[in-house]
Amino acid sequence: MTAALIPRSSTSGDMKFLLLFVVLTVLTGGLGASRPNILLVLTDDHRWDALGAKGHPFLKTPNLDRLLEKGVDFSNAFVTTSLCSPSRASIITGRYAHNHGVVDNYHPVRDDLVFFPELLQKAGYETAFVGKWHMGDTDEKQRGFDHWVSFKGQGVYWPFDEGLKVKGRYVPQANRTGFNVNGTRVEQKGYITDELTNYALEWLRPRMESQHTESGNTKPWFLYVSHKAVHADFLPPNRHAFRYEKEPFQPPVTWVDKPEAFRDVPRWVQNQRNSRHGVEFAYYMNLNLEKYYKRYCETLVAVDESVGKLVAAMEAGGAVKDTLVLYLGDNGFLFGEHGLIDKRCAYEESMRIPMIAHWPEGLKAGAEVSEMVANIDVAPTLLAAAGVALPDFMDGSSFLPLARRGGGGEEVNWRKELLYEYYWERNYPQTPTVHALRGERFKYIRYHGVWDVNELYDLKSDPREQKNLINDPAYKVEVEKMNKRLFAQLEATSGMSIPLLEDRGRQFYHRRIDGGKGAPFPSWFYRPAGTDGK
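Residues numbered from 1 in each chain as written. Predicted model: local features only at pLDDT ≥ 70, side-chain atom pairs only at ≥ 80, totals over all residues. Heavy atoms only, no water.

## Side note on the overall build of the chain
Okay, so step 1: For the chain, the count of helices and strands is twelve helices and 19 strands.
Okay, so step 2: Taken over the C-alpha trace, the chain has a radius of gyration of 23 Å; the compact-globule value for 534 residues is 24 Å, and the two agree within 12%.
Okay, so step 3: Along the first, second and third principal axes, the C-alpha atoms of the chain reach 85 × 55 × 50 Å.
Okay, so step 4: A burial count over the chain gives 59% of its 534 residues as buried.
Okay, so step 5: Here the analysis covers contacts within the chain between residues at least 6 apart in sequence; of these, 71% occur between residues at least 24 apart.
Okay, so step 6: Taken as a whole, the chain presents about 21,900 Å² of accessible surface, with 51% of it coming from carbon and sulfur.
Okay, so step 7: Separation of charge centres in the chain, based on 66 positive and 67 negative side chains, amounts to 2 Å. (Helix = DSSP H or I, 4+ residues; strand = E, 2+ residues; numbered from the N terminus. Rg over C-alpha atoms; globule rule 2.2 N^0.38 Å. Buried < 20%, exposed > 50% of the residue type's maximum accessible area, 1.4 Å probe, protein only. Contact = heavy atoms within 4.5 Å. Areas by Shrake-Rupley, 256 points an atom, 1.4 Å probe, with all protein chains shown as cover. Lys, Arg positive; Asp, Glu negative; His and termini not counted. Charge placed at Lys NZ, Arg CZ, Asp CG, Glu CD.)

Here is the structure:
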């Protein structure tokens with residue numbers, strides 16, 4: 001088995017197809033019978049702790065809890081960019097944002113990029129995509145998929161002006177043009193999570209029946225279900241509306257509520273409090289954070305039901321044992337932590353996600369993987385499970401060895417630190433360019449293009465990231481070492497340049513007229529005038 005190496009800088013369509021034909025990949029000789037079917041379920045904005053099994057005070061997610069109980073819990077799962085389109089591009093290419101080039105929610109993926117479903121197709125898999133694509137303003141069928149159901153932009157939870165008990169707000173890139181079903185425009189008839197589930201089941205059931213028929217199709221299948229939920233604005237179906245209305249809610253403590261508990265909060269964080277992505281002016285509204293969070297949880301319940309229906313169908317069809325199910329969120333979400341709303345930043349609530357794998361024939365039930373895994377690892381992992389050799393251009397690694405370890409806790413050579421990146425967007429200028437290194441104990445966050453403080457947190461003693469140690473002399477050496485390791489990772493992965501894309505879309509730069517004013521610099525930024533210019 002050989003592989004052709006394609007340089008990362010290549011943008012040639014010919015080179016892409018050379019890769020598909022030459023890098024090929026499939027381990028033959030009896031492997032076909034052992035290759036699993038693959039179900040990938042992606043949810044939007046699902047933060048890591050929004051699960052019943054994670055001790056949530058009121059949210060009930062029995063189907064995801066069951067999947068976790070009988071599968072593998074990746075308890076330290078993250079995204080390398082906490083934003084919808086860049087994260088989705090990392091999932092489907094296995095590459096960092098600085099390599100795939102999708103750094104906002106308005107631009108499409110480049111034509112030269114290889115999607116891992118293309119390699120599954122070449123390995124004999126039948127492939128399908130159902131749901132939110134959201135890389136560019138398109139719902140056109142994408143390479144790597146035999147079957148296609150999608151919608152433009154953010155789509156909508158409900159296609160009509162009336163009918164939902166919970167009323168929503170304006171959402172950029174929302175679109176009511178219905179679905180593209182293999183090139184045919186089909187109107188959306190109901191609640192989107194339910195419709196996507198039905199489309200997925202419609203494609204899935206005949207393939208399971210065919211696999212268990214002697215004369216039927218024995219090709220393994222790959223189904224990618226990509227939910228709109230739980231993207232803001234959170235609109236649950238009527239059956240779940242106001243389900244958690246009377247549950248207790250405790251808003252997170254911020255530097256405004258308890259300043260003595262915080263140290264060296266960056267100015268951009270303080271200023272973002274009064275912005276579209278801050279608690280003072282969230283979405284340009286007087287947002288009720290408690291109601292907003294409860295609507296989020298109610299909307300997530302329908303996703304849990306969707307997972308339950310898909311798993312139940314596989315159980316009924318006899319496919320669950322030889323199907324690898326991987327569930328994850330595309331990024332986390334802040335609900336007032338640090339005074340912020342939404343994502344993008346490198347704080348835990350933003351970059352940490354749930355990730356669950358279930359495969360009775362291939363993984364140990366009830367296992368927990370505590371090593372740091374990420375969205376860039378999804379493509380390599382699913383290719384490895386399918387017996388496809390990993391292309392050299394992917395930045396991630398297969399985490400199957402971590403998930404397959406026995407009870408002895410065997411050593412697996414794995415990352416000790418994870419690179420995180422986010423690039424400033426003209427559309428949402430509140431958050432600066434971020435590069436961060438998330439280790440097992442320390443997290444180092446470096447900002448680019450702003451006059452501000454960087455950050456260092458001891459995640460063991462300060463898991464809520466309140467005491468910034470960046471100016472603490474006791475951690476000066478740690479900061480210097482992590483800075484060098486951060487740049488070493490960027491250098492090693494061709495990340496030493498800032499992606500620049502043409503302007504697209506509306507700008508949301510406004511501040512509330514009666515809200516907070518500009519934040520001061522930290523006291524240690526000031527010094528007296530000297531005589532030598534040093």
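## Quick look at the state of the cysteines
Covalently bonding the sulfur atom of one cysteine to the sulfur atom of another cysteine gives a disulfide.
Okay, so step 1: Within the structure shown, the criterion is met by zero disulfides.
Okay, so step 2: Free cysteine C84: the closest other cysteine sulfur is in C345, separated by 14 Å.
Okay, so step 3: Under the relative-accessibility criterion, C345 is labelled buried at 1%. (Disulfide = S-S within 2.5 Å.)

## Description of the packing of helix α6 (residues 192-211) against helix α8 (residues 289-316)
Okay, so step 1: Closest axis-to-axis distance for the α6/α8 pair is 10 Å, and the angle between their directions is 10°. In this view, α6 runs roughly parallel relative to α8, as classed from their interaxial angle. The residues of α8 that touch α6, namely those facing T193, T197, A200, L201, L204, R205 and M208, are A302, V303, S306, K309, L310, A313 and M314.
Okay, so step 2: Looking at the contact of α6 with α8 residue by residue, the classes come out as nine nonpolar, three polar and two charged. (Axes fitted to C-alpha atoms, helices over the stretch in contact; angles between N-to-C directions. Parallel < 35°, antiparallel > 145°, perpendicular 65-115°, else oblique. Nonpolar A, V, L, I, M, F, W, Y, C, P; charged D, E, K, R; others polar.)

## Considering the environment of N483
Okay, so step 1: The topology assignment puts N483 in helix α12 (residues 476-492).
Okay, so step 2: Its relative accessible area of 24% is what places N483 among the partly exposed residues.
Okay, so step 3: Along the backbone, N483 and A403 are 80 residues apart, and their C-alpha atoms lie at a distance of 31 Å.
Okay, so step 4: Excluding its chain neighbours within four sequence positions, the residues that come into contact with N483 are Y444 and R446.

## Brief notes about the layout of surface pockets
Okay, so step 1: Computed from the structure, the largest pocket encloses a volume of approximately 1,000 Å³.
Okay, so step 2: In terms of lining, the largest pocket is formed by 35 residues, of which the most central are R47, W48, D49, E349 and R464.
Okay, so step 3: Residue composition of the lining of the largest pocket, by class: 14 nonpolar, eight polar and 13 charged.
Okay, so step 4: The calculated volume of the second largest pocket comes to roughly 330 Å³.
Okay, so step 5: Along the wall of the second largest pocket there are 20 residues; nearest its centre are W158, G168, R169, R176 and L235.
Okay, so step 6: Residue composition of the lining of the second largest pocket, by class: ten nonpolar, three polar and seven charged. (1 Å grid on protein atoms, 1.4 Å probe; cavity = no way out; pocket = protein on both sides within 12 Å on 5 of 7 lines; lining within 4 Å. Points joined across faces, edges and corners; volume = space filled by probe spheres on them.)

## Structural notes on the sheet that holds strand β18 (residues 442-448)
Backbone-to-backbone hydrogen bonds join strands into a sheet, with any given pair of strands oriented parallel or antiparallel.
Okay, so step 1: Strand order in the open sheet formed by four strands is β16-β17-β18-β19, and the pairing between neighbours is antiparallel. Of all the strands in the sheet, just β16 (417-422) and β19 (455-458) have a single pairing partner and so form its edges. Going from strand to strand, the sheet's axes swing by 15° on average, the running direction of each strand aside.
Okay, so step 2: In the sheet, β18 pairs with β19 via four bridges, with the strands oriented antiparallel. Bridge pairing links I445 to E455 in β19.
Okay, so step 3: Across the sheet, α12 touches β16, β17 (433-439), β18 and β19, and the angle it forms with β18 is around 65°. (Pairing = 2+ DSSP bridges.)

## As for the sheet that holds strand β15 (residues 373-374)
Okay, so step 1: In space, the three strands of this open sheet follow the order β12-β3-β15, with mixed pairing throughout. Strand pairing shows two members of the sheet lacking a second neighbour, β12 (352-353) and β15, which therefore form its edges.
Okay, so step 2: Here strand β3 (residues 77-78) pairs with β15 via two bridges, running parallel. Counterpart to A77 in the pairing with β15 is V373.

## Concerning the packing of aromatic side chains
Centre-to-centre distance and the angle between the planes together describe a pair of aromatic rings.
Okay, so step 1: The tally for this structure, following the rule as stated, stands at 38 aromatic pairs.
Okay, so step 2: Both rings, one in F234 and one in F335, keep their centres 6.0 Å apart while their planes meet at 45°; by these two values the pair is tilted. In this pair, F234 is assigned in the loop between β8 (221-226) and α7 (267-272) and F335 in strand β10 (residues 334-335), connecting sequence segments 101 residues apart. No difference in accessibility class separates F234 from F335, as the two residues are buried.
Okay, so step 3: Taken together, a centroid distance of 4.8 Å and an interplanar angle of 45° make the contact between F333 and F335 tilted.
Okay, so step 4: Looking at F333, the relative accessible area reads 0%, which means it is buried.
Okay, so step 5: Through a chain of ring-to-ring contacts, three or more aromatic side chains come together here, namely F58, F234, Y244, F249, Y283, Y292, Y293, Y296, F333 and F335.
Okay, so step 6: Directly above the aromatic system of W255 lies the positively charged group of R273, at a separation of 5.7 Å from the ring centroid. (Phe/Tyr/Trp six-rings, centres within 6.5 Å; stacked < 30°, edge-to-face > 60°. Lys NZ or Arg CZ within 6 Å of the ring centre and 35° of its normal.)

## Some remarks on α8
Okay, so step 1: Look at α8: 41 Å from first C-alpha to last across 28 residues, which is about the 40 Å you get at 1.5 Å a residue.
Okay, so step 2: Most of α8 sits out of view: 21 of its 28 residues are buried.
Okay, so step 3: A distance of 3.1 Å separates the backbone nitrogen of E290 from a side-chain oxygen at the start of α8, and that oxygen is part of N288.
Okay, so step 4: Looking at the residues trailing α8, positive phi occurs at G318, about 70°. (Expected span 1.5 Å × (residues − 1). Polar contact = N/O pair within 3.5 Å; in protein donor to acceptor, adjacent residues only side chain to side chain.)

## What about empty space enclosed by the protein?
Okay, so step 1: This structure, assessed with the given rule, holds eight cavities of 30 Å³ or more.
Okay, so step 2: Lining the largest cavity are 17 residues, and of these P172, H231, H277, D342 and Y428 sit closest to its centre.
Okay, so step 3: When its residues are assigned to classes, the lining of the largest cavity shows seven nonpolar, five polar and five charged.

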